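So you can see what is in the structure, the chains are spelled out below.
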Amino acid sequence: MPQGTYFTYHPVLDGTPCDAEGFDLPPDQPPDQPLNHPSHPEHDTWHPFPSCGHFELANFIFYDLIDTHLYDSIDSISSHDILQNDPDAAPWKCVEYDIWYHDPFFGEQGQWVWTDLMTGNWAWGQCNTLADDPDCHGTMFVLVILGSDKTTVSVATGQNDYYPLYISAGNLHNNIRRVHRESVSLVGFLSIPKSHNGSKEAILESFHHAMEKPEIVKCADSHYQRAVYGLGPYITDYPEQLLLLCIVQNWCPRGTADPKNLDGTQYMWFGWGIIDDILPFTAYFLRADIHELLAPNILHQIIKGTFKDHLVKWVDEYLVITYGEAQAQLIWADIDHCIAVGQRFKQWTGDDSKALMKVFLPAIAGHVPDKMVQAISAFLDFCYIIRHSSLDEGDLNALDAALLRFHDKRSVFVDTGVRPNGISLPRQHSLCHYRHLIQQFGAPNGLCSSLTESKHCKAVKEPWRRSSGYLALGQMLVTNQCLNKLAQFQAEKFAAGLLSQPLLPTNIIAVDSDSINDGDLADAFVDEEDKPELQAIGQLIGVLNFHDLMDVSLCPDFNGKVHIFSSAVASFYAPSDICGVNGMLHHIICSTPTWRNGPAHHDCVFVEHDPTLQGFKSLYIAQVILFFSFYFWGVDYPCALGRLFETIGDQPCPNTEFDANGQCLISVIHSDTILHPAHLIPVYGNDYIDHDMQHSDSLLAFVAFYVNKFSDYHAFEIAF
């Protein structure tokens with residue numbers, strides 16, 4: 001068996017490059033010179049723009065300048081017509097609805113690791129099916145990912161709801177799709193909900209022929225390949241899933257269980273919620289079944305659904321049932337003050353819900369039963385495992401264990417009267433399908449409705465605000481057409497190397513950054529820093545006798561300068577995040593006596609002390625008081641003065657599963673031992689917090705703290 005990470009490629013559908021006629025190229029033969037290369041004899045470098053400056057100006061001011069000449073230049077960019085009005089839009093209740101769209105046809109060890117969509121079983125199974133056709137041998141299998149989500153552009157000027165349909169290529173890596181650029185594109189606007197399936201069939205009509213026999217396409221590397229297409233996962237939330245599957249409310253989109261007991265035994269029975277007069281749109285396409293293609297949805301099923309709409313709401317209901325409305329209001333005010341948010345949770349957005357997940361457990365501990373805290377802790381474990389960019393078999397086993405704990409502990413909501421009739425909710429039930437969906441489609445963070453929601457602003461809301469507001473849809477689509485053409489034109493010029501240099505006047509020459517002496521830069525930065533003598537550091541940090549921190553007899557004489565810094569960058573390896581350079585990421589750690597003209601800002605960090613141990617046992621927690629460095633005998637020593645916290649016990653808290661820290665001591669540590677930023681949350685206890693206390697006082701006002709493993713999913717994975 002190979003050692004380390006390795007890939008297994010399909011033996012038949014291997015994406016063999018070919019020429020424009022479809023004949024295989026010899027191995028390692030370079031592609032023909034692309035037409036957009038500046039040296040190509042038939043290529044007019046910046047047409048239809050007079051120069052690079054004209055293009056960059058047009059690209060920059062497009063949203064602010066309405067000019068007929070600018071529209072004409074953009075429209076003349078070589079491309080197929082982006083937008084079409086479907087002439088066959090069916091009438092609905094004697095009223096015609098237009099479907100606006102454009103043609104979407106475009107060109108460790110011993111454990112299975114699921115990352116991108118193509119690492120899943122579903123894509124492999126599709127390739128096996130296509131391999132039975134000799135015409136598909138050597139082809140490239142291209143998955144078509146679809147996503148739809150209703151959005152409202154204005155609630156004050158009428159019913160301005162739109163149903164955009166988005167498209168993406170499944171061959172893209174998840175980290176490319178998550179950067180919210182052109183990897184997800186607007187393909188059309190759907191009509192009224194009941195005709196959505198017919199609309200999708202019309203929009204995707206051009207894929208029919210290429211789903212059966214390969215088409216020759218030119219790829220981004222300028223090679224031609226034979227491509228065969230197939231419908232991939234569909235990204236949407238639960239209400240839209242009901243429309244896609246033609247089922248009624250409260251039924252599971254993937255199972256056949258009784259809606260009153262979704263987590264019970266799966267069985268078939270009469271009257272199981274199917275609307276029999278509507279056919280799913282996938283019925284008209286080869287190798288496509290919408291029941292198999294529904295993608296997992298971290299945002300709507302886990303973050304907004306199970307956490308915000310269920311668990312947080314149930315905690316609120318428990319407090320009202322147990323203490324009454326008036327006392328519950330006081331408890332919520334104390335919880336709000338503990339996490340320094342100052343508002344009720346039901347008003348939070350999706351991003352705020354993600355932030356709330358990080359600090360919710362310690363804030364409610366003591367106000368609710370321990371079993372309730374344990375249930376939410378188990379759910380958060382499930383959530384943070386799901387958010388990893390790569391998942392292996394061990395992660396899936398941990399996922400199942402967390403889900404089992406959650407199902408066991410959540411019975412507290414039934415016992416306390418919050419859910420007297422039991423818990424049978426489609427969004428919570430969807431968690432049971434995640435293991436299978438990961439095995440089918442790879443890591444879920446590349447197939448989340450946050451991708452389509454983030455696209456709403458650029459594709460729907462901003463074009464709507466740009467329109468006159470009257471019959472706005474056509475104007476919005478023209479705006480999207482111009483944006484797509486500009487993005488395509490810009491990508492071509494980047495690929496040709498024409499936009500790699502800054503736009504400067506003709507008499508100005510750009511300076512090559514590689515030619516700058518690093519020592520000169522370092523001297524320039526040092527000159528701007530305070531350089532107090534060693535004896536003055538004690539006064540700066542509030543420790544009058546700085547030499548008491550060490551055994552001075554063991555130290556050599558030093559009379560040089562000490563450079564003080566207000567921040568540092570911690571670089572670390574994230575095993576589940578393989579984007580960047582081999583998964584290397586970084587965070588900025590601050591240590592400054594004042595932050596934005598306010599109180600001091602001193603971050604906490606994980607510090608390595610014994611790499612032979614596992615997880616948190618190998619780490620210290622420290623609050624950085626000061627970053628400094630000095631030169632001694634020609635060697636640069638980057639250091640930090642930190643307040644090290646003492647660990648309480650050798651096991652996490654049984655309720656929150658957070659590790660606890662108490663008293664601290666001050667020590668100088670080497671900066672290379674700093675691993676990752678850490679987040680400490682006070683152990684609040686049962687008493688209410690003084691409302692005069694500020695968040696900047698928390699590390700001094702309390703004697704014990706939780707080490708928050710939910711500060712981000714990197715800390716969850718690395719330190720625990």
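Bear in mind that the values here come from a model prediction, so they are computed numbers and not experimental data.

(A) Layout of the packing of aromatic side chains. Per the counting criterion, the structure on display carries 17 aromatic pairs. Aromatic pair Phe 379 and Phe 406: ring centres 5.6 Å apart, planes at 50°, arrangement tilted. With Phe 379 in helix H11 (residues 370-386) and Phe 406 in helix H12 (residues 393-409), this residue pair connects regions lying 27 residues apart in the sequence. Judged by its relative accessible area of 2%, Phe 406 falls in the buried class. Between Phe 382 and Tyr 434, the ring centres sit 6.0 Å apart and the planes meet at 75°, which makes this aromatic pair edge-to-face. On the criterion of sequence distance, the pair formed by Phe 382 in helix H11 and Tyr 434 in helix H15 (residues 434-441) is long-range, its members being 52 residues apart. Following the ring pairs from residue to residue traces out a cluster consisting of Phe 307, Phe 360, Phe 379 and Phe 406.

(B) Summary view of the nonpolar core. Within the largest apolar cluster, 76 residues are counted, with the highest numbers of intra-cluster contacts made by Ile 302, Leu 319, Phe 360, Phe 379, Phe 382 and Phe 606. The greatest single-element share of this core, amounting to 17 residues, is contributed by helix H9 (residues 298-339). Of all hydrophobic cores here, the second largest spans 49 residues; its members include Leu 130, Ile 145, Tyr 238 and Leu 447.

(C) Here's a closer look at the pairing of strand S21 (residues 674-678). When you tally the buried positions in S21, you get five out of five residues, the bulk of the element. Here four bridges tie strand S17 (residues 604-608) to S21, and the two strands are oriented antiparallel to one another. Opposite Val 607, over in S21, you have Ile 674 as the bridge partner.

(D) Molecular detail of the side chain of His 456. When you line up the elements, His 456 lands in helix H16 (residues 450-466). Assessed through its relative accessible area of 4%, His 456 is described here as buried. Within the structure, the side chain of His 456 is placed 2.8 Å from the side chain of Tyr 166, a separation counted as a polar contact. Not counting chain neighbours up to four residues away, the residues in contact with His 456 comprise Asp 149, Lys 150, Thr 151, Pro 164, Tyr 166 and Lys 461.

(E) Structural detail: the packing of helix H3 (residues 121-130) against H15. Contact geometry of H3 with H15 gives a least axis separation of 4 Å together with a crossing angle of 50°. On the basis of their axis angle, the class for H3 and H15 is oblique. Of the residues in H15, those touching H3 at Asn 121, Trp 122 and Ala 123 are Gln 439, Gln 440 and Phe 441. Classifying every residue of the contact of H3 with H15 gives three nonpolar, three polar and no charged.

(F) Focus on H3. Residues Trp 122, Ala 123, Gln 126, Cys 127 and Leu 130 constitute the buried set of H3. The buried side chains of H3 occupy one side of the element, clustering within an arc of 140° when seen end-on.

(G) Molecular detail of the pattern of salt bridges. Enumeration over the complete set of coordinates arrives at nine salt bridges. Arg 226 is the salt-bridge partner of Asp 24, the closest N and O atoms lying 2.9 Å from each other. Judged by relative accessible area, which is 12%, Arg 226 ranks as buried. Close ionic contact of Asp 133 with Lys 213 constitutes a salt bridge, the shortest N to O distance being 3.0 Å. Of the two residues, Asp 133 sits in the loop between H3 and strand S5 (140-148) while Lys 213 sits in the loop between helix H6 (208-212) and strand S10 (215-218), which places them 80 residues apart along the sequence.

What counts and what doesn't
- Residues numbered from 1 in each chain as written.
- Predicted model: local features only at pLDDT ≥ 70, side-chain atom pairs only at ≥ 80, totals over all residues.
- Heavy atoms only, no water.
- Phe/Tyr/Trp six-rings, centres within 6.5 Å; stacked < 30°, edge-to-face > 60°.
- Helix = DSSP H or I, 4+ residues; strand = E, 2+ residues; numbered from the N terminus.
- Buried < 20%, exposed > 50% of the residue type's maximum accessible area, 1.4 Å probe, protein only.
- Core = buried A, V, L, I, M, F, W, Y, C linked by side-chain atoms within 4.5 Å.
- Pairing = 2+ DSSP bridges.
- Polar contact = N/O pair within 3.5 Å; in protein donor to acceptor, adjacent residues only side chain to side chain.
- Contact = heavy atoms within 4.5 Å.
- Axes fitted to C-alpha atoms, helices over the stretch in contact; angles between N-to-C directions.
- Parallel < 35°, antiparallel > 145°, perpendicular 65-115°, else oblique.
- Nonpolar A, V, L, I, M, F, W, Y, C, P; charged D, E, K, R; others polar.
- Arc of directions from axis to C-beta.
- Salt bridge = Lys/Arg side-chain N within 4 Å of Asp/Glu carboxyl O.

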